[in-house]
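Overview (structure and organization)
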Amino acid sequence: MVGDERDKGMSSMEDYDDFESGSLGDSASLDGVDDDEDEEDDEEEPKLNFIRIRNDLLGILEKDAVSCVAVHSKFLCIGSHRGELYIMDHLGNNVTPSPRGSFPAHKIMINCISIDAEGEHIATCSDDGKVIVFNLCDGHCETTLSLDKKLRCVAIDPQYSKSSFSRRFLVGSDSAMLYQRNIFNLLKPFPILEGGIVSTIKWGSRFVAWSWKDEVRIYDIEEEIMISRVRFEWESNNLVNNSLIEPSSLHMSSNGSKENLIKTLHEKYRCNIFWKDKYTVFIGWADIIKICQVVEIKNKNIQPGAPSHYVKISCMFTTDFWTCGISSFSNYTTVLSLTKEFMAIGNGDTNNEYAKNNNLPNVQILETDTTSYNVLQADALRTRGYTEYKPLDYHLESLIDEILFFIVSPKDIILAKARDQDDHIQWLMERKKFEEALEVAIQDPKSLQRHSVMNVGLAYLDHLVENEMFADAGKLCFKLFGKESPEKWEEQVLRFVPHGQLRAIAPYLPRGESSKLQPYFYEMILYDYLKNDQSAFLGLIREWNPPPELFNVTTIINAVVDHLIIYDPENRFLLQALADLYSYQKKFGKALAMYLKLQDPQVFSLIQRYGLYEEIESCIEDLMHLNVSEAINLFMKHKERLTPSIVISRLEGNRYYQYLYLDVLYKGEGKDMKPEFNGMMVSLYADYGPSYLLQFLKSSDSYPIQEALDICKQRKLYAEMIFLLGRMGNTKEALRLIIYVLDDIYQAIDFCKEHDDTELWEDLINFSLDKPSYITILLCNIGTYVDPRILIQKIENGREIPGLRDCLVKILQDYNLQMELQEGCKNILVGDCLSLFQTLVRTQLKGACLEEDQECGSCHKGILVGDNSGEDSNLLYFFCKHIFHVSCISSFDYQNCIICNLPRRATGLLEKL
């Protein structure tokens, strides 16, 4: 493979290190030129890779030289200067179906080779005047055509192998002649064009293009008609000054000058024609390139004999190089070229290094528009003997479907092919773009052959370690070896040891049961943290939180203890780590004591993780000191083991903690809380939460009321005292507190309404008689509880009562409203009674359905009798569904069913007895 460098718009190829030298002239290597580092940063990745074809081809080129080449997707055809035809694969292995390894096609140099589409027939021509068609299926010469003139080119019908009608080919010399077999299997010539040099013929599918004089003609082979002439115009001075044409070869007359110009043009510059597809043809001749489109004429009224297609030039421009071959690459144009600055070579100055470098053939990829081009990439190839060659000595053949290009010179053939993902990754790695290369490898690992995700990653890892980017190297290890074997992880850990950077890889080490490393590696990393970063050491101990087999806990404990004794006995990070390590060893007593000493909240997770509820009975108050909310939540969650009695007894020395715990307990359980703490809670609420005391007093019934009242009296909690006095029945004392201490008439009224006691109302009225404002409030609020006349009669004559009139009006309105409500309720009641009575009457007037098998409740005979039976047919039917013959019961029992009233009657009989 060959990488390319850019230099002044052109990239050159590096020398092959495995290239052989010998009789081929120069060392025949591919040239390489180094650029500055700044230019490398902006370098564009090449689009092609170049491989020199070797194998059997080297042996052929030692004794012969390449004169022309034709390629097929199956093989490569090489015509030599000695007239030999070789069939080779694309790697240079000779596969010619002949015992001698070649077809002796001609006596002198082969000028042109053409292959049909199936790859079964090959046509060649030479200056010996012969056209030979070989059948590769049997390896024999199928057709030999001898003409008495030099033959420059030949083009075989692409469909030659499909039928006898298609067995035709075109020959170019001083004319263009089509040869086709007739019904007698004889070749019959059909002249297409005469009177000019035809140096190149390319047969597409339907159309054929050939060079003639200073133009290219395009011929419709189906309609047998010429459809276009693509003219090329050069200035003779330009060709004289920039080519191999000598001024002495041009006559003074304009016609002679033009004829000599055209002749020399054909002798020195090949017209390169390439059919990209059925309708697109690329033409490169000397320093002019044209891209043409064959377009179908849409007009249906075409005159008989007129062509149905025409040619449109979509792109045309003049280049600063000589075109030696032309093809396409994706949407771009590929050109094999020589610079115009190689005159020194032609004059024999072979020691001129500048001339040598400028005589290198170039493979250029051009981006084109209608009148100009832009070089996207240029690769200068140092082919064997390049200093001696002219534009006519080079050929470019291609397989565009496979993106293969064959660059041919007399002593060398180089294969160019599109770069694949391996090439892209290699190019990135050579330029230290390892991260990008790794991402490309990860995206499509199946497409890689020479590289893999792992080897790209290892190269990236080497680069990071070499440049001391250890943090990135640690992340990369996790990305590469996350699911790999422990042995590979251990290798990578050892890479960080000499640099003292074990902390860079520590967060990424595997810890799963199936992927964990040997304990030594984890211990080594912990030692590193212990010495350099105690805070991170604690974090790592807690993050790894190991099963005991991850590392030897005793070993790490001893190391921590030694470090504490020698360096820093009060290091909190190490003491916390030591507590964690003790817990890993299940030495919970030591761990718990150390956590509490450090006031480390980690103690709560330790207790819950290992269920250390019995061990914490003696340190309940210490846990409250550490974190009240966490401790209470822990106690509440495990009340079965840490009962309220135990907690309260352990908090005996701290009433505030008792209050906090009992408050949460009460709010969680409410009335379901055991009554043993209710008396204590009154005192605690009075001291620490008086705003919650009244709510507690109202919701609980099991506290000692007198004791609670004494506590409230001591703290002058009047609202609570009033509630307790009311609950004890001492409502007068409670009202007295409201009136004389709180002086709150509204609360007093509410209190009297709550208890609805006449004596309380009387006490309140008596208290308010000397307070006109209170009298007004009472008149407005007691109308529905106490007869207002009682209050009004007690008001002293002549006392001024503010708002008295409004109060009296309100009393009267309230009275009227009360009377109206009573009357309305009475009317509703009467209406409901009447409706229900009417329903009763309608129900009782309805008939009753009797069954034939029903019996009299007294005589137990059937209730339905015949006309002649003499039985009473009158019946008495009760709403209880019992039925009797009238004759079977006394008139006394007509009102009540004797069956339903049987117990009462039986009782009466017993009394008589």
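What you see is a predicted model, and the numbers here were worked out from it, not measured in a lab.

1. Overview of the overall build of the chain
From N to C terminus, the chain includes 33 helices and 32 strands. When each of the 913 residues of the chain is scored for burial, the buried share is 47%. Long-range pairs, those at least 24 residues apart, make up 51% of the contacts in the chain between residues at least 6 apart in sequence. Within the structure as shown, the chain displays about 46900 Å² of accessible surface, and the carbon and sulfur contribution to it stands at 49%.

2. Focus: the pairing of strand S24 (residues 321–329)
Among the nine residues in S24, nine count as buried, and that is most of the element. Judged from the eight bridges that link them, S24 and strand S25 (residues 332–339) form a sheet pairing that is antiparallel. Counterpart to Ile-326 in the pairing with S25 is Val-335. Counting the residues between successive antiparallel strands, the hairpin from S24 to S25 contains two residues, one of them, Ser-330, with a positive phi of roughly 55°.

3. Quick look at the pairing of strand S15 (residues 187–194)
With seven bridges connecting them, strand S14 (residues 175–181) and S15 associate as antiparallel partners. Paired with Gln-180 across the two strands is Lys-188, which belongs to S15. Here S14 folds back onto S15, and the loop between the two strands holds five residues, one of which, Asn-185, carries a positive phi near 65°.

4. Brief notes about the sheet that holds strand S5 (residues 76–80)
The antiparallel open sheet is built from four strands, whose spatial order is S4-S5-S6-S7. Looking at which strands have only one partner, the edges of the open sheet turn out to be strand S4 (66–71) and strand S7 (103–104). Where strand S6 (residues 84–88) lies against S7, two bridges are found, and the strand directions are antiparallel. Of the residues in S7, the one forming a bridge with Leu-85 is Phe-103. Its contacts with the sheet put helix H2 (residues 56–63) on S4, S5 and S6, and the angle it makes with S6 is roughly 165°.

5. Comments concerning the nonpolar core
One finds Phe-537, Phe-551, Leu-623, Tyr-661 and Leu-764 to be the most contacted residues of the largest nonpolar core, which totals 132 residues. Take this core: its biggest share by element is eight residues, from helix H16 (residues 572–584). Ignoring any residue separated from it by four or fewer positions in sequence, one finds Leu-623 in contact with Leu-596, Val-603, Phe-604, Ile-607, Ile-616, Ala-631, Leu-634 and Phe-635.

6. Some remarks on the side chain of Ser-98
Note that Ser-98 resides in the loop between S6 and S7. Using a relative accessible area of 18% as the deciding quantity, one classes Ser-98 as buried. In this structure the side chain of Ser-98 is engaged in a polar contact, spanning 3.1 Å, whose partner is the backbone oxygen of Ser-102.

7. Notes on the packing of helix H7 (residues 421–430) against helix H8 (residues 434–443)
Running from N to C, H7 and H8 cross one another at 160°; their axes reach a closest spacing of 8 Å. With respect to each other, H7 and H8 are oriented roughly antiparallel. For the element pair H7 and H8, the recorded crossing hand is left-handed. Residues Gln-421, His-424, Ile-425, Leu-428 and Met-429 of H7 lie in contact with H8, whose contacting residues are Phe-434, Glu-436, Ala-437, Val-440 and Ala-441. A class-by-class count of the residues in the contact of H7 with H8 yields seven nonpolar, two polar and one charged.

8. Details of the state of the cysteines
Per the stated rule, a full pass over the model turns up zero disulfides. Here Cys-315 stays free of any disulfide, with the sulfur of Cys-292 as its closest cysteine sulfur at 9.4 Å.

9. Digging into the packing of helix H27 (residues 731–742) against helix H29 (residues 758–768)
Packing of H27 against H29 leaves a shortest axis separation of 10 Å and a crossing angle of 25°. Relative to H29, the element H27 is oriented roughly parallel. When the axes of H27 and H29 are compared, the crossing they make is right-handed. Where H27 approaches H29, its residues Thr-731, Lys-732, Leu-735, Ile-739 and Tyr-740 are matched on the opposing element by Glu-759, Leu-760, Asp-763, Leu-764 and Phe-767. Grouping the amino acids of the contact of H27 with H29 by side-chain chemistry returns six nonpolar, one polar and three charged.

10. Focus: the sheet that holds strand S23 (residues 309–318)
If you walk across this open sheet you meet the four strands as S20-S21-S22-S23, and the pairing is antiparallel. For this open sheet the edge positions go to strand S20 (271–275) and S23, each flanked by a neighbour on one side alone. The sheet shows a mean angle of 20° between the axes of neighbouring strands, taken without regard to direction. Sheet topology note: the strand S22 (residues 288–296)/S23 ladder contains nine bridges and is antiparallel. The partner of Val-294 across the bridge, within S23, is Val-311.

11. Points about helix H24 (residues 690–699)
Along H24, the residues that are buried comprise Leu-693, Phe-696 and Leu-697. When H24 is viewed along its axis, its buried side chains cluster within an angular range of 100° and face the same direction. Relative to its buried face, H24 has exposed residues pointing more than 90 degrees away, namely Ser-691 and Gln-695. Where H24 is buried, its residues meet helix H22 (655–669), helix H23 (678–688), helix H25 (705–715) and helix H26 (718–728).

12. Some remarks on the confidence of the model for the chain
Of the residues in the chain, 85% reach a pLDDT of 70 or more, and the chain-wide mean stands at 81. pLDDT under 50 marks residues 1–41. Its contacts with residues more than four places away, or in other chains, come to 110 contacts.

13. Topic: a negative patch on the surface
A contiguous patch of negative charge, built from Glu-851, Glu-852, Asp-853 and Glu-855, is present on the exposed surface. Inspection of the secondary structure puts Asp-853 in the loop between helix H32 (804–845) and strand S31 (875–877). Using a relative accessible area of 63% as the deciding quantity, one classes Asp-853 as exposed.

14. Some details on the side chain of Thr-124
In this structure, Thr-124 sits in strand S9 (residues 121–126). You can call Thr-124 buried: its relative accessible area is 0%. When neighbours within four sequence positions are excluded, Thr-124 is seen to be in contact with Leu-85, Ala-105, His-106, Ile-110, Cys-112, Ile-113, Lys-130, Val-131, Ile-132, Phe-134 and Val-154.

15. Structural notes on helix H18 (residues 602–610)
Looking at H18, one finds that the buried residues are Val-603, Phe-604, Leu-606 and Ile-607. The arc enclosing the buried residues of H18, seen along the axis, measures out at 160°, which places them on a common side. Looking at the buried positions of H18, the neighbouring elements they touch are H16, helix H17 (588–598), helix H19 (620–626) and helix H20 (628–637). Positive backbone phi, approximately 60°, marks Gly-611, located one or two places after H18.

16. With respect to the pattern of salt bridges
All chains considered together, the criterion is met by 29 salt bridges. Here Arg-167 ties to Glu-142 by a salt bridge, and the two come within 3.0 Å at their closest N and O atoms. In this pair, Arg-167 is assigned in the loop between strand S12 (153–156) and strand S13 (168–172) and Glu-142 in strand S11 (residues 140–146), connecting sequence segments 25 residues apart. A single salt-bridge network, built from bridges that share partners, covers Asp-214, Glu-215, Arg-217, Arg-229 and Arg-231.

17. Some words on the environment of Tyr-703
With respect to the element layout, Tyr-703 can be found in the loop between H24 and H25. Each C-alpha atom, one on Tyr-703 and one on Pro-675, is 7.2 Å from the other, the two residues being 28 residues apart in sequence. The residues touching Tyr-703, leaving out its near neighbours within four places in the chain, are Asn-678, Gly-679, Val-682, Phe-696, Leu-697, Ala-708, Phe-723, Leu-724 and Arg-727. Within the local environment of Tyr-703, its side chain forms a polar contact with the side chain of Arg-727, the two groups lying 3.0 Å apart.

18. A short note on a nonpolar patch on the surface
Together, Phe-837, Leu-840, Val-841 and Leu-845 line one region of the surface with nonpolar side chains, adding up to about 400 Å² of accessible area. You can call Val-841 partly exposed: its relative accessible area is 31%.

Calculation rules
Residues numbered from 1 in each chain as written. Predicted model: local features only at pLDDT ≥ 70, side-chain atom pairs only at ≥ 80, totals over all residues. Heavy atoms only, no water. Helix = DSSP H or I, 4+ residues; strand = E, 2+ residues; numbered from the N terminus. Buried < 20%, exposed > 50% of the residue type's maximum accessible area, 1.4 Å probe, protein only. Contact = heavy atoms within 4.5 Å. Areas by Shrake-Rupley, 256 points an atom, 1.4 Å probe, with all protein chains shown as cover. Pairing = 2+ DSSP bridges. Axes fitted to C-alpha atoms, helices over the stretch in contact; angles between N-to-C directions. Core = buried A, V, L, I, M, F, W, Y, C linked by side-chain atoms within 4.5 Å. Polar contact = N/O pair within 3.5 Å; in protein donor to acceptor, adjacent residues only side chain to side chain. Parallel < 35°, antiparallel > 145°, perpendicular 65-115°, else oblique. Left-handed = near helix turned anticlockwise from the far one by under 90°. Nonpolar A, V, L, I, M, F, W, Y, C, P; charged D, E, K, R; others polar. Disulfide = S-S within 2.5 Å. Arc of directions from axis to C-beta. pLDDT = per-residue confidence, 0-100. Patch = residues over 30% accessible without salt bridge, like charges linked within 9 Å, V, L, I, M, F, W, Y side chains within 5 Å. Salt bridge = Lys/Arg side-chain N within 4 Å of Asp/Glu carboxyl O. Lys, Arg positive; Asp, Glu negative; His and termini not counted. Charge placed at Lys NZ, Arg CZ, Asp CG, Glu CD.

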